[in-house]
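# Understanding the architecture of this molecule
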Amino acid sequence: MKPITFPDEVAVLISGEAGQGLNTMEAFLCHIIRRHGLCVFASKEIMSRIRGGLNTTLLRISKQPTAAFRRTPDLLVSMRSGGLKRLDERLCEKTVILYDPRMESAAPRGNGIPIDMKEIARDAGGKLYVGISICGILCALLGIPEEASRHEVEAFFKDKQPQENLAAFTAGYARGRKPDLLHSLNVALQPGPRVAGRLMMSGSQAVGLGALAGGCNFIASYPMSPSTGVLTFLAQQADAFGLLVEQAEDEIAAINMSLGAWYTGARAMVTTSGGGFALMEEGVSLAGITETPCVIHLAQRPGPGTGLPTRTEQGDLNLALYAGHGDFPRIIYAPGSVKQAFNVTRKAFMMADRYQIPVFVLTDQFLMESSWLEDNLSYDGKIPERYLVESEQDYQRYAVNDSGISPRAVPGSGQGWVRVDSDEHDERGEITEDFNVRVLQVDKRMRKAEGLEENDDDITLIGGSDGDIMLVTWGSNYGLGQELATRLINPSVSCLHFSRVYPVPQKGLDILRKAKTVIAIENNYTGQFGALLCAAGIHVQDRILQYNGLPFAVEDVYRSLQQKINGGAR
Amino acid sequence: MKPITFPDEVAVLISGEAGQGLNTMEAFLCHIIRRHGLCVFASKEIMSRIRGGLNTTLLRISKQPTAAFRRTPDLLVSMRSGGLKRLDERLCEKTVILYDPRMESAAPRGNGIPIDMKEIARDAGGKLYVGISICGILCALLGIPEEASRHEVEAFFKDKQPQENLAAFTAGYARGRKPDLLHSLNVALQPGPRVAGRLMMSGSQAVGLGALAGGCNFIASYPMSPSTGVLTFLAQQADAFGLLVEQAEDEIAAINMSLGAWYTGARAMVTTSGGGFALMEEGVSLAGITETPCVIHLAQRPGPGTGLPTRTEQGDLNLALYAGHGDFPRIIYAPGSVKQAFNVTRKAFMMADRYQIPVFVLTDQFLMESSWLEDNLSYDGKIPERYLVESEQDYQRYAVNDSGISPRAVPGSGQGWVRVDSDEHDERGEITEDFNVRVLQVDKRMRKAEGLEENDDDITLIGGSDGDIMLVTWGSNYGLGQELATRLINPSVSCLHFSRVYPVPQKGLDILRKAKTVIAIENNYTGQFGALLCAAGIHVQDRILQYNGLPFAVEDVYRSLQQKINGGAR
Amino acid sequence: MSSSPFDLPYDLDIAWCPGCGNFAIIKILKQALENAGIEPRKLVLVSGIGQAAKMPQYLQCHYFNGLHGRSLPVATAVKACNPELCVIAESGDGCTYGEGGNHFLHTIRRNPDIVNLVHNNMIYGLTKGQGAPTTMKGMKTSIQLKGYALEPFNPLAAALAMGAGFVARVSSGDAAQATTVIEQALAYPGYALVDIFHPCISFNKLNTFRWYREHTDSLEDHDETDLESAMTRAMQTEPYRLGVFYRQAKPTFRERSHAYDTDDSPLCRRDIDPAKLADLLGNYRIPTG
Amino acid sequence: MSSSPFDLPYDLDIAWCPGCGNFAIIKILKQALENAGIEPRKLVLVSGIGQAAKMPQYLQCHYFNGLHGRSLPVATAVKACNPELCVIAESGDGCTYGEGGNHFLHTIRRNPDIVNLVHNNMIYGLTKGQGAPTTMKGMKTSIQLKGYALEPFNPLAAALAMGAGFVARVSSGDAAQATTVIEQALAYPGYALVDIFHPCISFNKLNTFRWYREHTDSLEDHDETDLESAMTRAMQTEPYRLGVFYRQAKPTFRERSHAYDTDDSPLCRRDIDPAKLADLLGNYRIPTG
Ligand SMILES: Cc1ncc(C[n+]2csc(CCOP(=O)(O)OP(=O)(O)O)c2C)c(N)n1
Ligand SMILES: Cc1ncc(C[n+]2csc(CCOP(=O)(O)OP(=O)(O)O)c2C)c(N)n1
Ligand code: SF4
Ligand code: SF4
Ligand SMILES: [Mg+2]
Ligand SMILES: [Mg+2]
């Protein structure tokens, strides 16, 4: 049998049950492969349960960085019975499959390579160590030198059964060098020096780090997948950075606490997902009328209702956009990479503070829980500016002026009174029922919407602006668009990614107005961002939508674009 | 002085403080004037307080029915100091003003007629009876015969101090016949027989009656202006109609109770306003995924936050439209008359039940709290159809079929199991994490959106469809559009009113697509319905928007339309 | 496991961790239902979201698996609209006492004739181990790194303070007692709270099977009708007492709501009387002459 | 009224009904604040929505007049972020015990150093007289036409069950006692509940000035540190006792949150240390070589 060769990339899918250590495997493999000098992008797909079930982790290992999901792996490792059946749809004739014949009733179609998984880790300590043995096999296949690998294992597991893990790894490595594997697979990926020095992190970590950079010192939230990672991250940093981290009794308490914190001059964030956010909407409206800054991290998952709690979707753009009764300005960022996640979260604090409005960071499970590689986050080390004034004797919290931004003072500093009211109020912050004052205050608040600063990095254009087709993506589909635009060059395909989706950046609209064919790619049923573009007068010719709970697979979109371009012919 | 003559209509504005009995005056005057054979449309404008402050009631008394607000009354009765100052903006040189010189520091500019209000009711029992004395004056001015009036007073107040009220009324009537009043005002309105037999009611009553007609037998809600009237109305009918009426601990409980009720086959409604509704959004999403019918009466008031709690606005269309995370179908009705309020509320139950979706009845303070006149509600006396099946042994709650409507069974009747789940589920209603099943169920739910039946009365066209200008109104601006279209005939102005705003009825879109100039009139800042029309490809040339907390005054809109038409010249 | 009328007739992959206390609870529940003579087709399980809230999936019954924190309002309405059904609201400690705290308070005040089973594992299980209202002081979690610091929520004392008429605590480790108590809860006409101690073996390393055995004991010499003594015992911690703390008949929501004062038929089957409505409409008509 | 540092320097139209119990409460509050030596510029009143919630408008102070039901989370955060401020959460019975019930429970468990004043008029005033959680059984309202039927909410018992360290009830009719108790609440380091009986003359025709006088009495021979006795007395109704039911020092939210363990400076004035963040970022870097 001629060995299958992977010159540029190998996508490894590992399937196992919750509790089999997939997370540890992913973390370890990402670590060691990157140390070895290869790029890895890892994303997971998990069931809403703690033990059992069938989860997967996909590792795209390559010379050039990738940042999108793939449906069909080159190599599947199935660690639990049922995996082959469940994943059948995702395999092709070329996929190489490592499986345990004792766990499957039938041999896989295609290139199955039986591995006795029970046996392999037996000496090291039994089935708990199957995962690390598999890591050994993979390291061997990837050509990571044995000696170096063993060092990494020792370091990585130094507090967690180092001996057993090392033994299991070594056994796996040996298995990986056996001819049945070595001779049928040829992973010809040459490591390079360019991975070293880069950053690897999850979206949760990036949002958390961005919050710290933005000066966040208060977070109150209620756990909800996939937003909890940010809360956990900040809890870990609380001591070092002097944050207060509080688990609220519900989401309503969380958003109201965050408004109380901002009122004193602290910088607060909440992190939640769609269903939890729905409960915060009255609070968002309160932020709107009281002009209290607030930063909301909304990590999307598929709805409606509880939906698919551990999976991904981009279905809550409309929810964020129209959250809260009445009209008031807001900003919605939707980062597509960890760099963007860091930057927009940081900026969210700045913009919220400066304009005294709610600012959203809209992410999703795919961004939150994948492991990304990034050159750097370009952190400039600046202390965030505070848009606060010391109040004078005759201070008026809601002074009417041209910008609509009334200088904000906080209680306990200055000579004036800081009166904040959820009823319509006059400039002093006292309840009013005067129709003219009402109009003045509405106009003042809405005036802020006109002046909202736009930044160059609110959009990213990949490819030229005069190509044949302009793909539009937002949020976590940044990497997808990038890869598509790079691969589809004839006819010329570019991609415009929005990391700010509302207000839609003018620059982005300008580019789209000139584009020949606009195709919007969104992970939701109705094409919510496309509708926003339509409302802005952009003609969106076509849409690629998906709502099955998975991220877009780059090859699926590639294929459907090819079809659109060639009218079905390949 | 030449008497001022009102041949067609006289608009009387009564100003007083909370606690002075404005509501009673309004109710009594509406009653007696309508009995007399004249049309009255009454709307109020009240402060968020129980006593004191300055409230007004506007009575438009006319031969032909009217159903819109007027800014400038023909006659103002000011029962409390401060009224003249506060209402100064609403008066013109022609307005006749009845005022108490002891309560005002300056005589009103224009046609002031001093009345000693303290004195007038003194013999009858003092200041508590000022209001009914004023009613006496007004009845005299309107030429309602004294004898008949006195009978009405006796009947109306038979359980509330009949003697004192009659004495005060009589004193007022006598005052109204004094020359200073009689000779300066000539209310030449001839009563006709056509008012008798008509219905008079408030929007709250109409929604409540519509709910009864729709088969409502359960309502759980939390009080919130201006939606509470419906709850109170149904509480009054609970005994007669066998309803369960429960005051919930919060809005979240209310919507969840209503879903529990529908689950058993009962027909439930919630009534709330924007801020309270925001708390229900997660529940709406639950209705979406579980395909549990639900009827939500959302009575709008100006936001954001607590805003102006007792005033009117149409600012929550977007809120209702995008409420709840995830995509799922819904219907939003927005009645513009009590007839429509009755009919759409009734229909809301039918549509919710038939399609197993959330259905909104979107009203506002203006509709809820005004006193309207209606020919009849065309109640056909039919018992509402129940869209339920008896379950078979192998019943599947979420069976996939062409219409997307899976037959709905309820627990406790039939042989099958009624399993309802807020997680994504399979046809049986059991939690699933299968990607294909997810897609099947999303598609099934969304398929219902395509088949939603449209009715002729979802829109009303006033005037021809080929005029020069097409005004678009929705919700409580029905009467406004009607009056404008009737008055503005050169160039020809028609009005298209939507009592269903989502999905926008195709018939309405067809008319608008052919219209020359479309002007959308909305009581909100951003023009939310206009944006929906734009999204449907309608070119909305112009908008008339207002957001001061008051309903549109017909003469204001008339003037601004005139200006638009004539380019500023009158 | 011997067969029960509440067994599902097909195999289902159970999403709980092997060894979890929830497996004991499902057995107990099925037994108690059988003992109480509940017909499966008259049973509705209402739950929220969490590991405990998955329970209805694994029984042969009707269910409404709603939102996190919201089982009680749904259950109240189901029973109110169809009193022929036996209604159980079942969920976790986080769901019932955390997100759903306000409904817990006010449902008790209403006193619907439902049973409220709360799987109290003193942790948020499904979301992977954050502190719950009942988490013990000092326990370290992924969010409470220095140890959970709030006063633990005392559901029994809260329920008694709200005027609940049936207040009990059992442990999944004592199946016999738990079964009897739940059976009694099913028989009690009104809101019956049964807080069920059980271990989350994945995230709660403190409150294990063993811990529960060592730190609980049955109520003894206790008069179930003595509110003061019930409260005193509910406030005690070491040992935590198990059993029925308080039992007292109270008017149920059915009576309080007046919906059945003159009509016995279930609300959900009542139709409107069009003649009555036509009459009512007549009241709004302006009389002729 | 004698002048107070908390008087507004201008006239404001007060939106309460003439003769309402709220007028007595504002006097009492100003006096208590003055007695306690609170500086107006350090005072933040946080309220919800309702008649009681309008209170902050009528005092010279900072305020955050938020949403119906949500005063406590806001107040907790204000105090947590700036401990130099004196924070009072003030609102009605409906706002605090109805819509805000869940925050009531869990704020007590946190024990922030704030005072919670609840104007308990046993009715929803601003929305024109629907039953409140504290409404007495049998009272007829516009929604409860046959009389309010739920168990009345007992805020004192609930607070004690949640582990509150300062629990009191006063009546607006007894200004002297009310002033002293509120003064003590202000001095107490932790969450202090003061439920304030007062009449709504517009909508509550049962619980009038006179009713309160006749149905209340001061606590006597009561040991404020005895939880059991506090609970027993909190459960008593005729007469309803007035005074401090329970007082016990407990760790406050400041300590429990650990936010001030090593840094005394108010959170709201803390800046991020960029060097530390740069270091932390370094941890995510793939090592070279
Ligand atoms: C509104 C909302 N907030 C948060 C969540 C996320 N969530 C799901 S289960 C759960 C906690 C479960 O804990 P518990 O109720 O104690 O049940 P257990 O899993 O321990 O049995 C949370 C926070 C949600 N589904 N909905
Ligand atoms: C979310 C929400 N629901 C309902 C309301 C309407 N509302 C305003 S005040 C109030 C009740 C006030 O009662 P209480 O808190 O007892 O104060 P009181 O007026 O009696 O002093 C209600 C229901 C609201 N503003 N917001
Ligand atoms: S996480 Fe805990 S409670 Fe949930 S199933 Fe596993 S052991 Fe049981
Ligand atoms: S309604 Fe009642 S509580 Fe409100 S101000 Fe009037 S009397 Fe006071
Ligand atoms: Mg739990
Ligand atoms: Mg009250």
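Residues numbered from 1 in each chain as written. Chains lettered and ligands numbered in written order. Predicted model: local features only at pLDDT ≥ 70, side-chain atom pairs only at ≥ 80, totals over all residues. Heavy atoms only, no water.

### Comments concerning the overall build of chain A
A count of helical and extended segments in chain A gives 20 helices and 23 strands. Radius of gyration (C-alpha) of chain A: 26 Å, near the 25 Å computed for a compact globule of 570 residues. Of all intrachain contacts in chain A linking residues separated by at least 6 positions in sequence, the fraction that spans at least 24 positions is 72%. About 17700 Å² of surface is accessible on chain A, with carbon and sulfur atoms providing 49% of the total. Once the 57 positive and 66 negative side-chain charges of chain A are each reduced to a mean point, those two points are 8 Å apart. (Helix = DSSP H or I, 4+ residues; strand = E, 2+ residues; numbered from the N terminus. Rg over C-alpha atoms; globule rule 2.2 N^0.38 Å. Contact = heavy atoms within 4.5 Å. Areas by Shrake-Rupley, 256 points an atom, 1.4 Å probe, with all protein chains shown as cover. Lys, Arg positive; Asp, Glu negative; His and termini not counted. Charge placed at Lys NZ, Arg CZ, Asp CG, Glu CD.)

### So, the overall build of chain C
Of the regular secondary structure elements, chain C holds 10 helices and 8 strands. Whereas a compact globule of 289 residues would reach a radius of gyration of roughly 19 Å, chain C reaches 21 Å, a difference of no more than 12%. Seen through its principal axes, chain C has C-alpha atoms that stretch 80 × 45 × 40 Å. The buried share among the 289 residues of chain C stands at 66%. Of all intrachain contacts in chain C linking residues separated by at least 6 positions in sequence, the fraction that spans at least 24 positions is 68%. When the accessible surface of chain C is summed, it comes to about 9300 Å², and 50% of that surface belongs to carbon and sulfur atoms. (Buried < 20%, exposed > 50% of the residue type's maximum accessible area, 1.4 Å probe, protein only.)

### A short note on the site of ligand 3
Near ligand 3 you find A:I50, C:W16, C:C17, C:C20, C:N22, C:Q51, C:N121, C:C200, C:I201, C:S202 and C:F203, and these make up its full shell. The residues that come close to ligand 3 belong to more than one chain, namely chains A and C. A breakdown of the residues in the shell around ligand 3 according to their chemical character gives 7 nonpolar, 4 polar and no charged. (Near = heavy atom within 4 Å. Nonpolar A, V, L, I, M, F, W, Y, C, P; charged D, E, K, R; others polar.)

### Some remarks on the packing of aromatic side chains
Between two aromatic rings, the relevant description is the distance of the centres plus the angle of the planes. Scanning the model with the defined rule gives 53 aromatic pairs over all chains in all. When the ring of A:F169 is compared with that of A:Y173, the centres are 6.1 Å apart and the planes differ by 40°; the resulting orientation is tilted. Residue A:F169 and its partner A:Y173 are both found in helix 6 (residues 162–176); the two are separated by 4 residues, about one turn of the helix. Put simply, the rings of A:F28, A:F156, A:F157, A:F169 and A:Y173 pair up and form one aromatic cluster. Lying over the aromatic face of C:Y260, C:R254 brings its terminal NZ or CZ to 4.3 Å of the ring centre. A cation sits over an aromatic face here: D:R270 above D:Y260, 4.9 Å from the ring centre. (Phe/Tyr/Trp six-rings, centres within 6.5 Å; stacked < 30°, edge-to-face > 60°. Lys NZ or Arg CZ within 6 Å of the ring centre and 35° of its normal.)

### Focus on the state of the cysteines
Throughout the structure, instances matching the rule amount to 0 disulfides over all chains. Free cysteine: C:C61, not disulfide-bonded; nearest cysteine sulfur from C:C86 at 10.0 Å. (Disulfide = S-S within 2.5 Å.)

### Overview of the interface of chain A and chain D
Contacts between the two partners involve 69 residues from chain A, matched on the other side by 52 residues from chain D. Summed over both sides, the interface of chain A with chain D buries roughly 5400 Å², with 61% coming from carbon and sulfur. With a closest N to O distance of 3.2 Å, D:D271 and A:R386 form a salt bridge. When contributions to the side of chain A that touches chain D are tallied by element, the ones reaching two or more residues are helix 1 (22–36), strand 9 (199–202), helix 8 (203–213), helix 9 (228–241), strand 11 (244–247), helix 10 (251–264), helix 12 (281–290) and strand 17 (419–421) of chain A. (Buried area = accessible area lost by both parts, 1.4 Å probe. Salt bridge = Lys/Arg side-chain N within 4 Å of Asp/Glu carboxyl O.)

### Considering the coordination of the magnesium ion (ligand 5)
Six octahedral donors around a metal ideally subtend angles of 90 or 180 degrees, whereas four tetrahedral donors ideally subtend 109.5 degrees. Residue and element names in this part refer to chain C. Coordination of the magnesium ion (ligand 5) by the protein is provided by D93 (OD), N121 (OD1) and I123 (O), with metal-donor distances spanning 2.1 to 2.2 Å. Read in sequence order, the donor residues coordinating the magnesium ion (ligand 5) give the pattern D-x27-N-x1-I. With D93 in helix 3 (residues 93–99) and N121 in the loop between strand 4 (115–120) and helix 5 (155–161), this residue pair connects regions lying 28 residues apart in the sequence. (Donors = N, O, S within 2.8 Å, 3.2 Å for Na, K, Ca; no water.)

### Some details on the relation of the copies chain C and chain D
Placing chain C over chain D gives an RMSD of 0.0 Å and needs a rotation angle of 180°, together with 0.0 Å of translation along the axis. Interpreted geometrically, this transformation is the action of a two-fold axis. Considering only C-alpha atoms, the part of chain C nearest the rotation axis is C:N102, at 2.3 Å. (Least-squares fit on C-alpha atoms with pLDDT ≥ 70 in both.)

### A closer look at helix 1 of chain A
With 15 residues, helix 1 of chain A extends 21 Å from end C-alpha to end C-alpha; this agrees with the ideal 21 Å at 1.5 Å per step. The first or second residue beyond helix 1 of chain A is A:G37, which carries a positive phi of 105°. (Expected span 1.5 Å × (residues − 1).)

### Examining the environment of A:I113
All names here are of chain A. Take I113: it is sitting in strand 7 (residues 111–114). Taking the C-alpha atoms as reference points, I113 and E433, separated by 320 residues in sequence, lie 77 Å from one another. Those residues within four positions of I113 in sequence are excluded, and the remaining contacts are V96, I97, L98, Y99, D180, L181 and S184.

### Some points on the sheet that holds strand 4 (residues 115–120) of chain D
Spatially, the 9 strands line up as an open sheet ordered 17(A)-2(D)-1(D)-3(D)-4(D)-6(D)-5(D)-8(D)-7(D), and their pairing is mixed. At either end of the open sheet lies a strand with only one pairing partner, and these are strand 17 of chain A together with strand 7 (216–218) of chain D. If you compare each strand with its neighbour and ignore which way they point, the axes differ by 20° on average. Of the strand pairs in this sheet, strand 3 (residues 86–92) of chain D and strand 4 of chain D are connected by 5 bridges, and their pairing is parallel. (Pairing = 2+ DSSP bridges. Axes fitted to C-alpha atoms, helices over the stretch in contact; angles between N-to-C directions.)

### A few points about the coordination of the magnesium ion (ligand 6)
Residue and element names in this part refer to chain D. Each protein donor to the magnesium ion (ligand 6) is listed here as D93 (OD), N121 (OD1) and I123 (O); together their distances run 2.1 to 2.2 Å. If you list the donors of the magnesium ion (ligand 6) from N- to C-terminus, the spacing comes out as D-x27-N-x1-I. Separated by 30 residues along the polypeptide, D93 in helix 3 (residues 93–99) and I123 in the loop between strand 4 and helix 5 (155–161) bring together distant segments of the chain. I123 matches D93 in its accessibility class, with the two residues each being buried.

### Concerning the pattern of salt bridges
Enumeration according to the criterion identifies 105 salt bridges over all chains in this entry. Here A:D353 ties to A:R267 by a salt bridge, and the two come within 2.7 Å at their closest N and O atoms. You can see A:D353 sitting in helix 14 (residues 338–355) and its partner A:R267 sitting in the loop between helix 10 and strand 12 (268–272), a full 86 residues away along the chain. Considered together, A:D353 and A:R267 belong to a single accessibility category, that of buried residues. Between C:D263 and C:R270 there is a salt bridge, with the nearest N and O atoms lying 3.4 Å from each other. Look at C:R270 and you get buried, because its relative accessible area is 6%. Salt bridges sharing common partners tie together A:E9, A:R60, A:R70, A:D74, A:E483 and A:R487.

### As for the domain arrangement of chain A
All names here are of chain A. Taken domain by domain, chain A holds domain 1 (9–195), domain 2 (200–374), domain 3 (388–453) and domain 4 (456–567). Across the boundary between the two partners, domain 1 contributes 9 residues, which contact 10 residues of domain 4. Taken together, domain 1 and domain 4 are joined by 2 salt bridges. Across the salt bridge formed by R71 and D556, the nearest N and O atoms sit 3.0 Å from each other. Taken together, domain 1 and domain 4 are joined by 5 residue pairs in polar contact (both at pLDDT 80 or more). Across the side of domain 1 that touches domain 4, the residue classes break down as 3 nonpolar, 2 polar and 4 charged. (Domains from an automatic or database assignment. Polar contact = N/O pair within 3.5 Å; in protein donor to acceptor, adjacent residues only side chain to side chain.)

### A word on a negative patch on the surface
A cluster of acidic residues, C:D223, C:D226, C:E228 and D:E228, forms a negative patch at the surface. In this fold, C:E228 is placed in helix 8 (residues 227–235). Taking the relative accessible area as the measure of exposure, C:E228 reaches 48% and is therefore partly exposed. (Patch = residues over 30% accessible without salt bridge, like charges linked within 9 Å, V, L, I, M, F, W, Y side chains within 5 Å.)

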